[in-house]
Amino acid sequence: MKTAIACLGLLLSSTLDAIEVEYSDHVFVPGHQSLQYWLLPSPVPTPADNPQTSEKIALGKMLFFDPRLSGDSNMSCATCHNPMLAWSDSQSVALGYRSQKLTRATPPIINVAYNHLQMWDGRLRTLEEQALAPMEAQLEMHANLDEKIALLQSIEGYVEAFSLAFPDEAISKQTMAKAIASFERTVISDSSNFDAWVKGDKNALTRVEIEGFKLFINPQKGNCSVCHSAPNFTDDGFHNIGLASFGDKHPDLGRYKQRPLNLMKGAFKTPTLRDVALSAPFFHDGSAATLTQVVKHYSDGGVVKTNLSPNFKANQLSEDEISAIVAFLNALTSPHEPIQLPKLPQ
Amino acid sequence: MRRITLPILLLSMTSHISLAEEYVVSQKNKSFSEDKISINVGDTVHFLNEDPFFHNIFSLSDEQFFDLGSYPKDESRSVVFDTPGVIEVECAIHSKMFLLIEVKKSENK
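All values reported here derive from a predicted model rather than from experimental measurement.

Parameters at a glance
Residues numbered from 1 in each chain as written. Chains lettered and ligands numbered in written order. Predicted model: local features only at pLDDT ≥ 70, side-chain atom pairs only at ≥ 80, totals over all residues. Heavy atoms only, no water. Helix = DSSP H or I, 4+ residues; strand = E, 2+ residues; numbered from the N terminus. Buried < 20%, exposed > 50% of the residue type's maximum accessible area, 1.4 Å probe, protein only. Contact = heavy atoms within 4.5 Å. Areas by Shrake-Rupley, 256 points an atom, 1.4 Å probe, with all protein chains shown as cover. Buried area = accessible area lost by both parts, 1.4 Å probe. Salt bridge = Lys/Arg side-chain N within 4 Å of Asp/Glu carboxyl O. Phe/Tyr/Trp six-rings, centres within 6.5 Å; stacked < 30°, edge-to-face > 60°. Lys NZ or Arg CZ within 6 Å of the ring centre and 35° of its normal. Pairing = 2+ DSSP bridges. Arc of directions from axis to C-beta.

Caption draft 1: Spatial organisation of the overall build of chain B. Regarding its fold elements, chain B presents 0 helices and 10 strands. Helices and strands in chain B line up, N terminus first, as β-β-β-β-β-β-β-β-β-β. Among the 109 residues that make up chain B, the fraction classed as buried is 48%. Taking as baseline every contact in chain B between residues at least 6 positions apart, the subset at least 24 positions apart corresponds to 50%. Element-wise, carbon and sulfur atoms account for 52% of the exposed surface of chain B, whose accessible area totals about 5300 Å².

Caption draft 2: Looking closely at the side chain of Thr44 of chain B. Along the chain, Thr44 of chain B turns up in strand β5 (residues 44-49). In this structure, Thr44 of chain B is in contact with Glu21, Glu22, Tyr23, Ser78, Val79 and Val80 of chain B, ignoring residues within four places of it in sequence.

Caption draft 3: Structural view of the interface of chain B and chain A. Contacts between chain B and chain A engage 21 residues on the former and 25 residues on the latter. Buried surface at the junction of chain B and chain A, summed over both partners, amounts to about 2100 Å²; 58% is from carbon and sulfur atoms. Taken together, the links from chain B to chain A amount to 3 salt bridges. For the salt bridge of Asp236 of chain A with Lys96 of chain B, the shortest nitrogen-to-oxygen distance reads 3.6 Å.

Caption draft 4: Examining the environment of Gln27 of chain B more closely. All names here are of chain B. Within the element layout of this structure, Gln27 appears in strand β2 (residues 19-28). Accessibility expressed as a relative area gives 0% for Gln27, which makes it buried. Not counting the four nearest positions on each side in its chain, Gln27 is found in contact with Phe32, Phe47, Leu48, Asn49, Glu50, Asp51, His55, Ile57, Tyr71 and Met97.

Caption draft 5: Quick peek at the packing of aromatic side chains. All names here are of chain A. Within the structure shown, the criterion is met by 27 aromatic pairs over all chains. The rings of Tyr23, Phe28, Tyr37, Trp38, Phe194, Trp197, Phe213, Phe216, Phe233 and Phe328 are connected pair by pair, giving a single aromatic cluster. A cation over a ring is seen here: Arg255 above Phe238, with NZ or CZ 4.2 Å from the ring centre. The ring of Tyr256 carries Lys265 above its face, with NZ or CZ at 5.1 Å from the centroid.

Caption draft 6: Highlighting the pairing of strand β7 (residues 66-71) of chain B. Residues and elements named next belong to chain B. Sheet analysis places strand β6 (residues 55-59) next to β7, joined by 4 bridges and oriented antiparallel. Counted as the bridge partner of Ser59 is Phe66 from β7. The turn joining β6 and β7, which pair antiparallel and follow one another in sequence, is formed by 6 residues.

Caption draft 7: Molecular detail of the pattern of salt bridges. If you walk through the whole model with that rule in mind, you get 14 salt bridges over all chains. The closest approach of N and O atoms between Arg274 of chain A and Asp195 of chain A, which form a salt bridge, is 2.9 Å. In this pair, Arg274 of chain A is assigned in the loop between β2 (268-269) and α11 (291-300) and Asp195 of chain A in helix α9 (residues 193-199), connecting sequence segments 79 residues apart. Owing to a relative accessible area of 2%, Arg274 of chain A belongs among the buried residues under this scheme. Residue Asp195 of chain A is classed as buried on the basis of its relative accessible area of 1%. Close ionic contact of Glu90 of chain B with Arg259 of chain A constitutes a salt bridge, the shortest N to O distance being 3.1 Å. Of the two residues, Glu90 of chain B sits in strand β9 (residues 85-91) while Arg259 of chain A sits in the loop between β1 (238-239) and β2, which places them in two different chains. Connected via shared salt-bridge partners are Arg104, Asp121, Arg123 and Asp252 of chain A.

Caption draft 8: Representation of helix α7 (residues 156-165) of chain A. Residue and element names in this part refer to chain A. Among the residues of α7, Tyr158, Ala161, Phe162 and Ala165 are the ones counted as buried. Take α7 and look down its axis: the buried residues cluster within an arc of 100°, on one side only. Exposed and facing more than 90 degrees away from the buried side of α7 are Glu156, Glu160 and Leu164. Where α7 is buried, its residues touch α2 (54-65), α6 (145-153) and α8 (173-184).

In structure tokens:
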């Protein structure tokens, strides 16, 4: 097994395919080979038909922050995915068109470049597919994209930016989506204290944070990494985690609408935990205000226990163990440069 | 990187001239051991979980719908494929897992 672990770092440096490492095979020494599978691959994966360019990223950033691309010209992508609030909105559930309450929390866009599927229920595959969906949704940005394309075509600065980003293509839904997706792929969290510790910085984590990591990956304790797995702290999977809201008269069935299997009733995508400390409230319904509440929820085995994910185990953690896991989660925050807002062409 | 295991076991010779074969496709590291296999009508595929957590293998394909439910490490569930066609197999829990099974009409049958 040790030989196998020795190969893991090399194998995982260029792929997101998961390797399952037994808890007992970990050596909790900073920089140890058995920990390297937690590092995210770099550069971020990009589709063959939309490689990253600085021109596309710059254009995508303008589109992302431009409120004129909504029905009332007052909401941008950044209204909900606000960089000042860790690319989310601090609301329990998102507020859409004319402040209508939607049914799910705004997922942060941090590390969405690594997602296998997009949205809480995984209904969209690529960022290019996802980028325009909230813009067109009647309950969200409520935009008529044909009108918005005409608007962009009428603004000289946008015509120039599109020309630089897509020299051989017109301003279209496709080029808008490609540009926004390219910008979103720059929102990355991969340099937390945990990452520094994995790379060998022995001072990067405290004793309690290391203890929290051990509990996090121990199947007999936190059992967190069974779903929040390496390297992006997600299994790209769908789980019913026993939230109280699943007991509602007409609960949100989540993934079930995409994959009508009993197990998928009330199942939602496992979110990344990178930068998680910045994005309260938590869960798809925003029902947990603190990370301590989140960990306690799992420790208690959930509230509504029908149709729970089979990988969910109630392990009854002590208060100290819960605190240690929370300390570890707080060590997953990367330092970020303040976002430089774009000047929008008029 | 993906460990490939596709042991092909001769199962039985029926009273007819047909040979029904059995295949084992394992689930390891949140992947199927194969991306695509080709079998004949009447063959059986055993879906063996080798991961230390549950999988839930299913297909919504028109030719053959099945939901094997959730099962843990070292357990398997089996499907006899009785309709020709291309069957898409997934894990409900782990969205990256995907397997195509080409079910061919056996010339021997």
